[in-house]
Amino acid sequence: MALDVVKQLIDIEREGEDLVKKANALAIEIQKTAKEQAEQIIQEAKKKSEEYYVSTLQKYEEEAKVESMPIIENNKKEIERLKNIPEDLLARSVNMVIERIVNSMAIVKMNRLVLAAPIDQRDEILDLLQEKQCVQLIDLKEKFQEVEGVGFFSEAKTLSQTEMDYNHIKFAYEFLKQYDTVKEGLFTKRDILSKKQFDNLESLIDWKDIYFQCKEIEEELNHNKNKKAKMVSLLEQYGQWSSLDVCDDELAKLKNVAYFIGTIGKKYEAQLYETLTEKFKDIYLEKIAEKQQDVNIIILSHIDNKNEIADILKTYGFVRISLELNKTPVKQMEELRLEIDALDSEAEEFKSRASGLAANTKDIEKIYDYILTKVERERAISNLVKTKKSFILEGWITEENKNKLAKAIENRFKDVYFSFEEPVEDENPPIVLKNNVIAEPFEVVTSMYALPTPKEVDPTPLLTPFFLIFFGMMAADIGYGLVLFILTFFALKKMDLEGDLRKIVKLVMYCSIPTIFFGWMYGGFFGGIIPIKPLWIDPVQEPMQVLVASIALGLVHLYVGLGVKAYQLIKSGKILDAFFDVGSWYMLLSGAIWMFLGGGSAAKILAIAGAAIILLTAGRENKSIVGKFFGGVYGLYGVTGYIGDALSYARLLALGLASGLIGWSFNLLIGLFSGPVVYIAGPIIFLAGHTFNLAIGTLGTFVHTSRLQYLEFFGKFYEGGGKTFQPLKISNKFIKVNTEV
Amino acid sequence: MDVKITFIDFLTKFGGPIMAILGAALAALFAGIGSARGVGIVGESASGLIAEDPEKFGKSLILQVLPGTQGFYGFITALIILQRIGLFSGNMNIPLEKGFLLLAAALPMAFVGYSSAIAQGKAAAAGIQILAKKPEKFFNGVIYAVMVETYAVIALITSIIMIVKVV
């Protein structure tokens with residue numbers, strides 16, 4: 001049993017061992033497969049991850065490539081650009097320098113301001129433009145004539161009201177000026193007001209009241225004057241009857257007596273007396289007075305003879321007295337005199353009232369500017385156009401003021417559209433010149449002739465050095481130069497000068513320096529009152545040398561003028577024309593001068609070549625051959641013009657001589673006195689004479705110097721015809737408004 | 001006892017200064033007369049303008065003085081002659097032929113001065129019209145008048161050069 005058990009146990013054990021073996025084998029197998037599987041999985045994962053890695057990498061690479069392409073391209077360009085920068089910089093700086101030079105001697109660039117805003121802001125915006133004083137309005141009426149939905153402002157009513165105000169204030173000003181005892185000196189400067197003060201002027205000053213008072217006084221004075229005139233003429237008329245000692249009252253008492261008082265022609269007097277005394281016995285004749293052709297008489301007679309006598313008198317042209325005779329003439333005259341006295345004292349009273357009012361002149365002057373400013377602003381409205389709710393404005397503004405104005409508009413307004421545009425090709429914007437400190441005053445010389453058109457060169461900086469030299473040569477006196485310098489220097493410092501006047505004074509100040517210089521060269525001091533050894537030459541002793549120098553200078557002047565013409569032609573691309581019209585003249589003139597100075601055949605060839613070019617090309621614009629030929633001949637004939645031009649510079653000598661010699665003659669005059677008289681007459685003649693010579697001489701010099709610029713110089717290249725820039729601004733006749741703040 | 005002087009003697013003795021002074025006198029005379037007339041012409045037409053527009057006085061005065069320069073040129077010519085012949089130093093010693101030369105030298109200034117001053121006066125008087133109607137173009141009127149002056153200037157130079165070269 002046990003065996004069974006043992007056997008069973010052995011079997012079980014064996015079975016167990018087998019199982020263990022099997023399990024072991026299985027475990028091993030499982031282990032093996034798990035390993036294999038894991039390896040496989042790992043393998044697969046590895047593979048997958050590798051694949052993924054590659055693909056993403058590829059993807060990224062591609063993306064990166066796409067993205068970097070433009071950057072690379074850019075970089076390439078940048079590198080190229082950087083390579084070119086040095087050349088570019090050079091070109092640009094050259095351009096900038098040229099621009100600087102051109103700008104400093106030139107016409108300021110203009111822009112067109114276009115502005116649109118709600119209609120209720122119109123007046124404020126105009127006020128702002130007026131305050132900034134930098135915009136010249138353009139009349140838009142014509143441009144918008146045909147556009148639908150666009151209207152124009154027709155503010156005839158308010159304008160006429162303001163203009164009436166202007167007339168009133170003008171009247172008040174002129175009226176008060178007569179009675180104003182405070183005389184303005186040369187050195188009185190204008191009051192400076194802020195814009196705010198200026199805007200409040202009308203509320204502070206009751207100018208209408210002053211105006212009405214002025215008006216009243218004026219009317220009263222006129223009334224008074226008329227009345228007085230009437231009285232005076234009556235007085236005169238009674239004066240002719242002063243020996244008549246009867247009056248109406250007494251005559252009326254006579255019942256049976258007829259009387260005739262009146263005037264008769266002198267030539268009938270005797271005849272009348274004769275006729276009357278012959279015909280009537282009881283007649284009284286009295287001659288009251290005689291005046292030129294007339295005789296005043298009184299006739300008394302019996303009343304029965306009245307008609308007869310009247311008839312006789314009529315035939316002799318008797319005219320009854322027209323004056324009233326309720327008192328005797330003498331008495332009448334007395335009364336009239338009293339009345340005249342009363343009128344006089346009344347007039348005095350009015351005048352003293354006016355003088356009292358004249359204390360307000362300063363206020364009235366301020367209001368004058370205020371109202372004139374208002375009138376200008378209202379006149380400007382007619383330049384604008386409007387739609388239903390907004391208005392449009394266009395105006396010229398200089399480029400440099402553009403930003404200033406833009407800022408001002410943005411600061412003050414919200415709903416305003418504005419833009420700046422460059423002028424179109426053939427537009428003709430107004431001209432503002434801008435030059436450096438030295439050339440600036442000479443703009444006056446240019447603008448007196450004509451402002452340049454936008455396409456031309458501003459000739460101001462070109463004429464400046466010549467103007468200085470020519471002025472100096474013509475005035476040429478150390479003393480006069482010093483006086484001019486001191487006078488103009490103080491005028492600039494002390495006087496309230498503005499605009500062109502200031503420029504002229506400055507110009508004279510600049511010109512006084514070459515005047516002193518040439519005075520030294522010529523040895524002139526107040527016409528030689530103190531002998532000074534000339535640095536160069538005494539023009540009276542050696543006029544020929546000065547003449548040659550003058551003409552040489554003139555030729556330089558002409559050459560520069562021609563050069564500018566060439567520059568203008570080349571600038572507009574007409575290089576050939578520059579050669580034909582300028583180069584040829586350079587050749588001819590230079591050749592001729594060279595020949596004159598003793599140049600041999602080379603000079604001759606140069607001159608002839610120049611002449612030939614002129615002859616062949618001057619008529620090139622003409623169509624027909626004949627026209628071309630005569631055009632050439634005419635062109636060559638222009639050489640006479642050059643001779644005339646060159647000789648014209650002889651005035652440099654002549655006026656230099658004249659200014660010196662006139663001064664000299666006054667000194668001579670002083671020298672003619674002898675004894676103590678010279679101490680009295682001398683200073684008077686010196687002062688009066690030299691003041692006169694300085695005034696006339698400076699005027700003459702200025703005019704002749706300008707003439708040389710206008711005819712000889714401008715004639716070569718300059719036409720002009722630009723319009724002046726006239727911005728909307730605040731009237732500044734009596735006050736200045738400070739608009740900077 | 002009387003010393004007989006023939007005309008020829010007189011001429012040789014005093015003729016030089018006489019002729020020279022005659023020249024000086026002619027230059028001052030004619031140029032002066034011309035300027036007086038020229039200035040007068042402008043003054044007349046300027047008065048009409050001033051009656052209407054008194055503010056233009058200053059500018060009209062500029063036009064008026066323009067024809068006045070010829071008188072001065074004549075005066076200068078005369079003075080140079082007088083100085084050259086020694087009138088001021090009191091030692092007038094100049095031979096007859098030089099006297100004649102100086103007389104001839106004074107002629108350009110005398111004649112041109114006379115007629116150019118009148119012509120300039122007329123041009124300046126017309127300039128007054130410009131001043132009246134287009135005051136901004138006033139300076140053009142001045143230029144027109146100054147154009148005439150060129151010839152007076154040339155005459156002055158001619159006279160002076162001749163005088164200076166003679167004595």
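Residues numbered from 1 in each chain as written. Chains lettered and ligands numbered in written order. Predicted model: local features only at pLDDT ≥ 70, side-chain atom pairs only at ≥ 80, totals over all residues. Heavy atoms only, no water.

Per an unreviewed UniProt entry, the recorded name for chain B is V-type ATP synthase subunit K, and the organism is Fervidicella metallireducens AeB. UniProt lists a comment for chain B under the heading Sequence similarities (unreviewed entry), and it reads "Belongs to the V-ATPase proteolipid subunit family." Chain B has a UniProt comment under Subcellular location (unreviewed entry) that states "Membrane". (UniProt positions renumbered as here; feature names shortened; annotations may be inferred.)

Recorded under Sequence similarities (unreviewed entry), the UniProt text for chain A is reproduced unchanged: "Belongs to the V-ATPase 116 kDa subunit family." In its Subcellular location (unreviewed entry) section, UniProt records this for chain A: "Membrane".

Within the UniProt annotation, "domain: V-ATPase proteolipid subunit C-like" (unreviewed entry) is assigned to residues 22-81 and 103-162 of chain B. Helix makes up 93% of residues 103-162 of chain B and strand 0%, whereas the separation of the span's terminal C-alpha atoms amounts to 10 Å. (Helix = DSSP H or I, 4+ residues; strand = E, 2+ residues; numbered from the N terminus.)

With that settled, consider a positive patch on the surface. Together, Lys189, Lys493, Lys494 and Arg502 of chain A give the surface a local cluster of positive charge. The exposed category is assigned to Lys493 of chain A, whose relative accessible area is 53%. (Patch = residues over 30% accessible without salt bridge, like charges linked within 9 Å, V, L, I, M, F, W, Y side chains within 5 Å. Areas by Shrake-Rupley, 256 points an atom, 1.4 Å probe, with all protein chains shown as cover. Salt bridge = Lys/Arg side-chain N within 4 Å of Asp/Glu carboxyl O. Lys, Arg positive; Asp, Glu negative; His and termini not counted. Charge placed at Lys NZ, Arg CZ, Asp CG, Glu CD. Buried < 20%, exposed > 50% of the residue type's maximum accessible area, 1.4 Å probe, protein only.)

Let us now look at the interface of chain B and chain A. When the parts of a complex come together, some accessible area is lost, and that lost area is often used as the size of the interface. Residue-level contacts link 27 residues of chain B with 29 residues of chain A. Between chain B and chain A the total buried area reaches about 2500 Å² when both faces are included, carbon and sulfur atoms providing 84% of it. For chain B, the biggest contributors to the area lost against chain A are Phe72, Phe139 and Ile157 of chain B; these three give 21% of the whole. Applying the counting criterion to the chain B and chain A interface returns zero salt bridges. There are four residue pairs in polar contact (both at pLDDT 80 or more) connecting chain B and chain A. When contributions to the side of chain B that touches chain A are tallied by element, the ones reaching two or more residues are helix H2 (57-65), helix H3 (69-84) and helix H5 (138-166) of chain B. The element best represented in the side of chain B that touches chain A is H5 of chain B, accounting for 15 residues. Here the residues of the side of chain B that touches chain A sort into 20 nonpolar, three polar and four charged. (Contact = heavy atoms within 4.5 Å. Buried area = accessible area lost by both parts, 1.4 Å probe. Polar contact = N/O pair within 3.5 Å; in protein donor to acceptor, adjacent residues only side chain to side chain. Nonpolar A, V, L, I, M, F, W, Y, C, P; charged D, E, K, R; others polar.)

This next bit is on the pattern of salt bridges. Residues and elements named next belong to chain A. A full pass over the atoms with the stated rule returns 30 salt bridges over all chains. Residues Lys177 and Glu365 are paired through a salt bridge, measuring 3.8 Å at the closest nitrogen-oxygen approach. Within this pair, whereas Lys177 is found in helix H3 (residues 156-179), its partner Glu365 is found in helix H11 (residues 361-381), the two being separated by 188 residues in sequence. A relative accessible area of 29% places Lys177 in the partly exposed class. A salt bridge links Glu335 to Lys327; its shortest N-O distance comes to 3.0 Å. Residue class for Glu335 comes out partly exposed when judged on its relative accessible area of 32%.

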